[in-house]
Amino acid sequence: MSCGLGWVEGGTAGLLGAPMAWDPKHLPRSFRHSTGLVRVPETALEISRRAVEDQLKICGHKRDADVFELFLSQKDLTDVIDLSRFKKLKYLWLHHNKLHGITFLTRNYCLTELYLNNNAIFEIEGLHSLPSLHILLLHHNELTDIDATVKELKGMLNLKTLSICLFQNPFCQYNLYRLYVIYHLPGVEVLDRNQVTEKERRAMMTIFNHKKAHIVQSIAFGGKVDASWNPRSPFKQRPAHRVPPDFAFGNNVDKTVFDNPEDAVFVRSMKRSVMTITSLNWDTVPTREEKYLDEKGTEPAQMLTLTLR
């Protein structure tokens, strides 16, 4: 009589041949690992790599040079593999994931649109290496340092559309958040779905650049006026001066009485500025051939000078 255990389909049989439920947890640990019965969880980068490969298969791309866009939203990604292999990548969707940073974007110089909204991003270090970026969505994240965020975006000269505070980031509680961003990113034309107005640009200059605001306010029709900085008012209000009681309009006119009206006209005309008009009679100027043949002689050209006041 054999005392060994017999392997049957669907489970194991004991000494009496009674079927038992097959449970891999009952096996020795070394046996479980050797037979591959326990599946090791995928890492964040492996999940990201699989998501990228799936997208490439869906779009039918066989070469990295053919990839212009990647749709990786709603993949529960916490990290993303390095995407520098896609040199011509222009559009990247990564919204509605669980990303904490964006250090994976280093050499994607052609990227023009980047959607990172609805994540858990707390810093955007690495975005300064994207000089072609035109549209950037960062709303609904965990950005807390407005200075670091603006500093990272300053080098993006082509950035025109920016969304940071549409659905709140922690630093959006700052009262002057919008004017602060407009001041440091003057190239942005649309901020949080609202067009940046000239009134906002003037207001941000008055608040954050007192020296420049003073210069702009002190220039009026080519002449400078007193416009010293007043923190309570964007424009200097000069005190009103009362007209003296003995003041009379029109006293700048000469009231001298002349017997002859022509004399009055002559005196007044002499006080005006002089305007001189000179005209040359080109018929009296010899041409090149006439100079060579000496047909018109050496007479000087006729000039007419008219002086007016």
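Criteria and cut-off values
Residues numbered from 1 in each chain as written. Predicted model: local features only at pLDDT ≥ 70, side-chain atom pairs only at ≥ 80, totals over all residues. Heavy atoms only, no water. Helix = DSSP H or I, 4+ residues; strand = E, 2+ residues; numbered from the N terminus. Buried < 20%, exposed > 50% of the residue type's maximum accessible area, 1.4 Å probe, protein only. Contact = heavy atoms within 4.5 Å. Areas by Shrake-Rupley, 256 points an atom, 1.4 Å probe, with all protein chains shown as cover. Core = buried A, V, L, I, M, F, W, Y, C linked by side-chain atoms within 4.5 Å. Axes fitted to C-alpha atoms, helices over the stretch in contact; angles between N-to-C directions. Parallel < 35°, antiparallel > 145°, perpendicular 65-115°, else oblique. Left-handed = near helix turned anticlockwise from the far one by under 90°. Nonpolar A, V, L, I, M, F, W, Y, C, P; charged D, E, K, R; others polar. Salt bridge = Lys/Arg side-chain N within 4 Å of Asp/Glu carboxyl O. Polar contact = N/O pair within 3.5 Å; in protein donor to acceptor, adjacent residues only side chain to side chain. pLDDT = per-residue confidence, 0-100.

### So, the overall build of the protein
When you go through the protein residue by residue, the secondary structure sums to eight helices and 14 strands. Counting over 309 residues, the protein shows a buried share of 29%. Pairs at least 24 residues apart make up 36% of the contacts formed inside the protein by residues separated by at least 6 positions. Here the protein displays about 22500 Å² of accessible surface, and carbon together with sulfur accounts for 56% of that area.

### Some remarks on the nonpolar core
Counting 50 residues, the largest nonpolar core has L83, L114, L136 and L162 as its most contacted members. Going through the elements one at a time, α2 (44–59), α3 (146–153), α4 (177–184) and α5 (198–208) are the ones with two or more residues in this core.

### Some thoughts on the packing of α3 against α4
One can describe the packing of α3 onto α4 by two numbers: an axis separation of 10 Å at closest approach and a directional angle of 30 degrees. Considering the angle they form, α3 stands roughly parallel to α4. When you trace α3 past α4, the crossing you get is right-handed. The segment α3 lies against α4, with I146, D147 and V150 engaging Y177, Y180, V181 and H184. Taken together, the residues of the contact of α3 with α4 break down into five nonpolar, one polar and one charged.

### Structural notes on the pattern of salt bridges
The tally for this structure, following the rule as stated, stands at four salt bridges. Notably, a salt bridge pairs E53 with R85, separated by 3.6 Å at the nearest N-O pair. Taken together, the positions of E53 in helix α2 and R85 in the loop between β4 (69–71) and β5 (91–93) put the pair 32 residues apart, joining distant regions of the chain. Residue classification places E53 among the partly exposed residues on the basis of a relative accessible area of 30%. Overlapping salt bridges bring together E53, D64 and R85 as one network.

### Digging into unusual backbone geometry
Unlike most non-glycine residues, H96 shows phi in positive territory, near 60 degrees. One can find H96 in the loop between β5 and β6 (113–115). If you check the backbone angles, N118 has positive phi at about 60 degrees while not being a glycine. One can find N118 in the loop between β6 and β7 (135–137).

### A closer look at the side chain of N169
Within the element layout of this structure, N169 appears in the loop between β8 (161–163) and α4. For N169, a relative accessible area of 2% puts it in the buried group. Within the structure, the side chain of N169 is placed 3.2 Å from the backbone oxygen of L138, a separation counted as a polar contact.

### Describing the confidence of the model for the protein
Mean pLDDT over the protein works out to 75, with 67% of the residues at or above the 70 mark. When pLDDT is averaged over each helix and strand of the protein, the minimum, 40, is found for strand β1 (residues 6–8) and the maximum, 96, for β5. In the predicted structure, residues 1–22 sits below a pLDDT of 50 and forms 18 contacts with residues beyond four places in sequence or in another chain. When the criterion is pLDDT under 50, residues 29–38 qualifies, and its contacts beyond four places in sequence or with other chains add up to eight contacts.

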